[in-house]
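# Inside the fold
These are the residues of each chain, in order.
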Amino acid sequence: MSHTTVIERISQADIRAGMRAALSAARECEGATAPNPPVGCALLDASGKIITTAAHHGAGQLHAEALAIKQARELGRVNDIHTVVVTLEPCNHHGRTPPCTEAILATPAKSVIIGARDPNPKVTGGGAALLHAKGIEVVFAESTELQRLIAPFRKVAKLGLPWLTVKQAINLQGTMIPPQGEKTFTSPASLNLAHQLRRRADAIITGSGTILADDPHFTVRNVEDFPNKRRKLILFDRRRRVPQAYVDAATARGFTIEFHHHLGEALHSVVAGGGLEVLVEAGPLLTAHVLASPFWDEHVRISQTAGTEYDGDKIDHVLRNH
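For the structure given in this document, a descriptive report is provided here.

### Quick notes on the nonpolar core
By size, the foremost hydrophobic cluster in this structure holds 24 residues, and its most contacted members are C41, L43, I81, V84, I104 and V112. For this core, the secondary-structure elements that each account for two or more residues are β1 (40–44), β2 (50–55), α2 (64–74), β3 (83–86), β4 (111–114) and α4 (126–133). Leave out the neighbours within four places in its chain, and C41 touches A22, T52, T53, A54, A64, E65, A68, V84, V85 and V86. Formed by 17 residues, the second largest nonpolar core is a distinct cluster that contains F236, L263, V270 and V278.

And the structure:
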């Protein structure tokens, strides 16, 4: 008689549902977890049904697996845990919190489904190897979506550089300049996307020309922001044209202001401060400079379409293959 693995006793549909729930939970916390990666976890019972779902909410707080297990215990269902579905390989080292492998091994879990291997070269394989050695069935279920989720953390871990997204809006005339007296020309849906990108970012890069032309606030308004999150606002301003009044107002809005002349230097400063992601919202010259550099990872180009300003814009996402 052939051996039936633990995983085969739970349907693939239930495993996929668990991973979708874990991924969704993690995405809700993108932008809140630096310097840690966003991670989501779903706990399944022996029938494959989700007991609870959790995500890591920020450095120093419980990791996704530990929080999910805590929630299951509070529900009186910790003994029903059969399969742990997690977007990233469970940690096996002591940091601000205990190892997630210990939390998993303290439950009756029979299997762990992992969405992505830990990219940190110092810890890769440690969590999965330990769980396997302790008799837990470990299965990797990697996908493009899961790899994208941890891409910023991977880049920092391997290259010491943050994930760099360039947002560019192009009007019908092929320029980035809004109409006289306006700050934007994109549709409401595109504005929501812009604010989602800001929410995700740990720092925003812009130039003095943008500041002088638009007096932008760079705050997250169209979507709910993370409470008490403080971003860096990095200004490229060789001639120091940005008024002190703007710097003071931006500081009052919660930004930490830095002036830089070199892109690489600015990006290293973000990582030194614990950041994972940077968003470029700048004028044509600085945008072109960044896109000509080897540093960018994602280019979000919003192109205005014919018709009223409320028509849907064309949005192109380009991921760079380094």
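Read on, since the account is not over.
### Comments concerning the environment of A34
Its place among the elements puts A34 in the loop between α1 (12–27) and β1. Spatially, the C-alpha atom of A34 lies 6.9 Å from that of G58, the residues being 24 residues apart in sequence. If sequence neighbours within four positions are ignored, A34 has contacts with A59, D202, G274, G275 and L276.

### So, unusual backbone geometry
With an omega dihedral of 5°, the bond running from A34 to P35 counts as a cis peptide bond. By secondary structure assignment, the location of P35 is in the loop between α1 and β1. For N228, which is not a glycine, the phi torsion comes out positive at approximately 65°. Position of N228 relative to the elements: it lies in the loop between α8 (208–214) and β8 (232–236).

### Observations concerning the sheet that holds strand β5 (residues 137–140)
If you trace the five strands from one edge of the open sheet to the other, you get β2-β1-β3-β4-β5, paired in mixed fashion. Edge strands, defined here as strands with exactly one partner in the open sheet, are β2 and β5. With strand direction ignored, the average angle separating the axes of adjacent strands in the sheet is 15°. The pairing of β3 with β4 spans four bridges and is classified as parallel. Following the sheet pairing, V85 is matched in β4 by I113. The strands that α2 touches are β1, β2 and β3; relative to β2, the one it contacts most, it runs at about 140°.

### Some words on the pattern of salt bridges
Across all of its chains, the model carries 15 salt bridges by this definition. With a closest N to O distance of 2.6 Å, D297 and K155 form a salt bridge. Of this pair, D297 sits in the loop between α11 (284–291) and β11 (298–303) while K155 sits in helix α6 (residues 151–159), and the two are 142 residues apart along the sequence. The pair D297 / K155 is uniform in exposure class, with both members buried. E277 is the salt-bridge partner of R200, the closest N and O atoms lying 2.9 Å from each other.

### As for the packing of aromatic side chains
This structure, assessed with the given rule, holds zero aromatic pairs. A cation sits over an aromatic face here: R199 above F226, 3.9 Å from the ring centre. For the cation-ring pair, R240 lies above F259, with the distance from its terminal atom to the ring centre recorded as 4.0 Å.

Procedures and definitions
One numbering rule holds for all chains: residues counted from 1, following each sequence as written. Whole-chain, interface and lining totals are the exception, using all residues; otherwise, since this is a predicted model, local features are given only for residues with pLDDT of at least 70 and side-chain atom pairs are given and counted only at 80 or more. Hydrogens are left out, water is left out, and the side-chain values use all remaining heavy atoms of the structure. Among the buried residues, those of types Ala, Val, Leu, Ile, Met, Phe, Trp, Tyr and Cys that are joined through side-chain atoms within 4.5 Å form a nonpolar core. Categorising residues by exposure relies on relative accessible area from a 1.4 Å probe, with only protein chains included: less than 20% of the type maximum marks a residue as buried, more than 50% marks it as exposed, and the intermediate range marks it as partly exposed. Secondary structure elements are defined from DSSP: runs of H or I of at least 4 residues count as helices, runs of E of at least 2 residues count as strands, and each element is numbered from the N terminus. It only takes one pair of heavy atoms within 4.5 Å for two residues to be counted as in contact. One requirement defines pairing of two strands: DSSP has to find at least two bridges between them. What counts as an axis is a line fitted to C-alpha atoms, over the stretch in contact for a helix, and the angles between N-to-C directions run from 0 to 180 degrees. The term salt bridge refers to a pairing of a side-chain nitrogen on Lys or Arg with a carboxyl oxygen on Asp or Glu at a separation within 4 Å. Between rings of Phe, Tyr and Trp, where Trp is taken as its six-membered ring, a pair exists when centres lie within 6.5 Å; planes separated by under 30 degrees are stacked, by over 60 edge-to-face, and by other angles tilted. Only when the NZ of Lys or the CZ of Arg is both within 6 Å of the ring centre and within 35 degrees of the ring normal is a charge said to sit over the ring.

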